[in-house]
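Coordinate analysis (summary)
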Amino acid sequence: MINIIWFAMLITGIITAIIKGNMEMITKATIEGAEQAVTVALGLTGIIAFWSGMMEIAKEAGLMNFLARLMSPIAKRLFPEIPSNHPAMGAILLSFSANLLGLGNACTPLGIKAMEELQKLNQQQETASNSMCTYVAITASSLTLIPSTVIAFRAANGSVNPTEIIGTTIFATTISTLAAILVDKVLRNFYY
Amino acid sequence: MVTFINLLSQWAIPIFLIVIPTIGLSKKIPVYECFVQGAKEGFNTVVRIIPYLVAMFIAIRVFQQSGAMESLISLINPLTSIFHIPKEVLPLALIRPLSGTGALGILGDLLATHGSDSFIGRLASTMQGSTETTFYVLTVYFGAVGVKNVKHSLLACLASDLAGLFASVYIVWRIFS
């Protein structure tokens with residue numbers, strides 16, 4: 001699936017460029033894309049190292065197991081494959097909280113931490129486990145309470161009531177998260 | 001409620017910074033060495049995700065800058081107009097899963113052109129806040145642990161993006177008009 005989408009984006013892009021006669025654009029886009037990848041990754045280095053360090057202390061202190069127990073009532077349903085008390089559960093809870101609170105640059109490092117814990121439980125190291133699919137689908141569906149960036153943008157563009165979209169945003173994001181959980185639960189029966 | 005959550009967001013990281021090392025010390029953990037040990041892994045993680053990001057960003061840029069995305073928009077417009085999705089927000093709907101900064105750029109443009117408090121402005125604001133940069137999340141999260149076969153998660157993510165779009169159109173229509 002991801003192979004098809006990746007290939008389709010490239011080939012339709014190149015065909016469009018041929019039709020429009022601007023092939024230089026493709027070269028430019030390729031170089032810029034490659035550069036951007038490294039810039040984004042390196043930009044994350046410090047903050048990922050920071051959270052990895054904090055999480056190591058939290059794990060050693062048994063905090064992750066504590067959080068895992070807190071979450072187990074919901075977690076048992078969403079992630080039946082994860083043993084209760086496993087640090088993966090705690091890492092997932094922390095990353096969900098960071099997303100809900102809108103802690104922008106804490107989300108990715110904590111999410112990666114959760115994936116690393118899930119990978120320890122994974123049977124086939126190069127294939128996603130069901131728990132990983134559920135976890136990524138929920139994260140990618142966005143968990144938002146206060147869309148602070150959007151509110152700031154609206155205020156900057158002369159909105160009389162910049163926060164009026166909080167309610168509609170929470171509604172829409174709840175639906176998108178429910179859809180992610182539902183589709184994940186249905187489709188996992190067709191993929192092995 | 002809003003002020004409370006905003007306050008919580010501001011306090012969250014400082015609280016983490018106090019609570020985690022304090023609990024660590026109280027359990028006689030060498031907190032400094034432990035932190036460094038964990039932070040060391042951070043660099044390896046970054047190196048691991050680079051190839052995945054290179055692959056994804058090149059495809060996204062080629063698709064977007066060649067004009068292929070605009071063609072796709074005019075192709076799907078007749079279909080989406082059946083569901084009362086205004087064509088002005090289609091670029092945002094397509095870019096949102098691909099590029100976070102790209103989507104913010106389009107949002108800013110829509111708010112400036114149509115006004116923050118217009119139907120388009122409210123709809124675009126709701127769409128932006130209610131979904132994530134799906135492909136970035138998929139690439140970085142699976143890339144960080146070296147998973148190549150993402151199984152059904154991509155379809156689940158795309159279904160959720162679509163649900164988010166329909167839900168945004170429905171609720172903004174319902175509440176504001």
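Further up the page is the structure itself.
The written sequence of each chain sets the order in which its residues are numbered from 1. Numbering of ligands from 1 and lettering of chains from A proceed in the order in which they are written. The model is predicted, so local features are restricted to residues of pLDDT at least 70 and side-chain atom pairs to those at 80 or more, both for listing and for counting; the totals for chains, interfaces and linings are taken over all residues. The side-chain values count all of the structure's non-hydrogen atoms but skip hydrogen atoms and water molecules.

Re the overall build of chain B
Segments assigned H or I by DSSP are reported as helices when at least four residues long, segments assigned E as strands when at least two residues long, and all are numbered from the N terminus. A tally of helices and strands in chain B yields eight helices and zero strands. Over its C-alpha atoms, taken along the principal directions, chain B stretches across nearly 65 × 40 × 30 Å. Partly exposed residues are those whose accessible area sits between 20% and 50% of the maximum for their type, while under 20% is buried and over 50% is exposed, using a 1.4 Å probe and protein chains only. Across the 177 residues of chain B, 50% fall into the buried class. Here chain B has roughly 8000 Å² of accessible surface; of this, 69% comes from carbon and sulfur atoms. Think of it this way: Lys and Arg go in the positive column, Asp and Glu in the negative one, and His and the chain ends go nowhere. By convention, charge coordinates are those of NZ in Lys, CZ in Arg, CG in Asp, or CD in Glu. Charge centroids of chain B, computed over 11 positive and 8 negative side chains, lie 10 Å from each other. Surface exposure here means Shrake-Rupley accessible area, sampled with a 1.4 Å probe, where a residue is shielded only by the protein chains that are shown.

Structural notes on the state of the cysteines
Two cysteine sulfur atoms make up a disulfide if the distance between them is within 2.5 Å. Taken as a whole and assessed by the stated rule, the structure comprises zero disulfides over all chains. In this structure A:C133 is a free cysteine whose sulfur lies 8.7 Å from that of B:C157, the closest cysteine sulfur available. What makes A:C133 buried here is its relative accessible area of 0%.

Thoughts on helix α2 (residues 31–65) of chain B
Residues and elements named next belong to chain B. In a regular helix each residue adds 1.5 Å, so 35 residues correspond to 51 Å; α2 covers 48 Å between its end C-alpha atoms and thus fits that length. Bend angle per residue: angle between axes fitted to the 7 residues ending at that residue and the 7 residues starting there. At I50, α2 shows its strongest bend, of approximately 30°, with the proline P51 following within four residues. Backbone geometry just after α2 places G67 at a positive phi near 95°. Given a helix with a known number of residues, its expected span is that number minus one, times 1.5 Å.

As for the nonpolar core
One finds A:I92, A:M115, A:Y135, A:V136 and B:F142 to be the most contacted residues of the largest nonpolar core, which totals 106 residues. Here the element with the most residues in this core is α2(B); it accounts for 13 residues. Whether two residues are in contact is decided by their heavy atoms, any of which lying within 4.5 Å being enough. Filtering out sequence-adjacent residues up to four positions away, B:F142 remains in contact with A:M115, A:A128, A:M132, A:V136, B:V137, B:V147, B:V150 and B:S153. Side-chain atoms within 4.5 Å are what join buried Ala, Val, Leu, Ile, Met, Phe, Trp, Tyr and Cys residues into a set we call a nonpolar core.

Looking at the interface of chain A and chain B
When the parts come together, some accessible area is lost, and that loss is often what is quoted as the size of the interface. Between chain A and chain B, the residue contacts involve 101 residues of the former and 96 residues of the latter. Accessible-area loss on putting two parts together, using a 1.4 Å probe and summing over both, is the definition of buried area adopted here. Interface area for chain A against chain B, summed over the two sides, is near 8400 Å², with a carbon-plus-sulfur share of 76%. Three residues stand out in chain A for area buried against chain B, namely A:I2, A:M9 and A:I57, and they jointly supply 8% of the buried area on that side. Salt bridges, as used here, are contacts in which a Lys or Arg side-chain nitrogen is within 4 Å of a carboxyl oxygen on Asp or Glu. At the boundary of chain A with chain B, the tally comes to six salt bridges. Of the charged contacts, one joins A:E164 and B:R122 as a salt bridge, the two residues approaching to 2.7 Å between their closest N and O atoms. Here a polar contact is recorded for every N or O atom pair within 3.5 Å, except that within protein the pair must consist of a potential hydrogen donor and a potential acceptor, and residues adjacent in sequence are included only if both atoms are side-chain atoms. Remark: the boundary between chain A and chain B carries 29 residue pairs in polar contact (both at pLDDT 80 or more). Counting only elements with at least two residues in the side of chain A that touches chain B, the list comes to α1 (2–20), α2 (24–60), α4 (87–100), α5 (104–121), α6 (130–140), α7 (148–156) and α8 (166–187) of chain A. Looking at which element gives the most residues to the side of chain A that touches chain B, the answer is α2(A), with 27 residues.

Remarks on the pattern of salt bridges
Evaluation of the coordinates by the stated rule reveals 13 salt bridges over all chains. Among the ionic pairs, A:E126 bridges to B:K148, the shortest N-O distance being 3.0 Å. Remark: B:K148 occurs in the loop between α7 (134–144) and α8 (153–176) and A:E126 occurs in the loop between α5 and α6; the pair is interchain, linking two chains. Its relative accessible area of 53% is what places B:K148 among the exposed residues. Residues A:D184 and A:R188 are paired through a salt bridge, measuring 3.4 Å at the closest nitrogen-oxygen approach. Here the salt bridges do not stand alone but share partners, grouping A:K113, A:E116, B:E41 and B:R48 into one network.

Observations concerning the packing of α2(B) against α7(B)
Residues and elements named next belong to chain B. Angles shown run from 0 to 180 degrees and are taken between the N-to-C directions of axes, each axis being a line fitted to C-alpha atoms and, for helices, limited to the stretch in contact. With their axes 8 Å apart at the nearest point, α2 and α7 run at an angle of 140° to one another. It follows from the interaxial angle that α2 and α7 lie oblique. As for the relative orientation of α2 and α7, their crossing is right-handed in sense. Residues T45, R48, I49, Y52, L53 and M56 of α2 pack against F135, Y136, T139, V140, G143 and A144 of α7. Its residues assigned to classes, the contact of α2 with α7 comprises eight nonpolar, three polar and one charged. Just so you know how the angles are binned, under 35 degrees is roughly parallel, over 145 roughly antiparallel, 65 to 115 roughly perpendicular, and the rest oblique. Rotating anticlockwise by less than a right angle from the far helix to the near helix defines a left-handed crossing, while the corresponding clockwise rotation defines a right-handed one. Nonpolar residues are Ala, Val, Leu, Ile, Met, Phe, Trp, Tyr, Cys and Pro. Charged residues are Asp, Glu, Lys and Arg, and all others, Gly as well, are polar.

Here's the deal with the environment of A:T39
Along the chain, A:T39 turns up in helix α2. Along the sequence, A:T39 and A:K76 sit 37 residues apart, while their C-alpha atoms lie 38 Å from each other.

Quick notes on the packing of α4(A) against α6(A)
Residue and element names in this part refer to chain A. For the pair α4 and α6, interaxial distance at closest approach is 11 Å and the crossing angle is 10°. Here α6 runs roughly parallel to α4, going by the angle between their axes. The segment α4 lies against α6, with I92, S95, F96 and N99 engaging Y135, I138 and T139. Here the residues of the contact of α4 with α6 are counted per class, giving four nonpolar, three polar and no charged.

A short note on the packing of aromatic side chains
For any pair of aromatic rings, geometry is given as the distance between the ring centres together with the angle between the planes. To pair, rings of Phe, Tyr and Trp, with the six-membered ring standing in for Trp, must have centres within 6.5 Å; the planes then decide the type, stacked if under 30 degrees apart, edge-to-face if over 60, and tilted in the middle. Throughout the structure, instances matching the rule amount to eight aromatic pairs over all chains. Between the aromatic rings of A:Y135 and B:Y141, the centroid separation amounts to 6.1 Å while the plane-to-plane angle is 15°, which identifies the pairing as stacked. Within this pair, whereas A:Y135 is found in helix α6, its partner B:Y141 is found in helix α7, the two belonging to separate chains. According to the relative accessible area criterion, A:Y135 is buried, its value standing at 0%. On the accessibility criterion, B:Y141 (3% relative accessible area) is buried. Taken together, the ring pairs connect A:F50, A:W51, B:F16 and B:F35 into an aromatic cluster.

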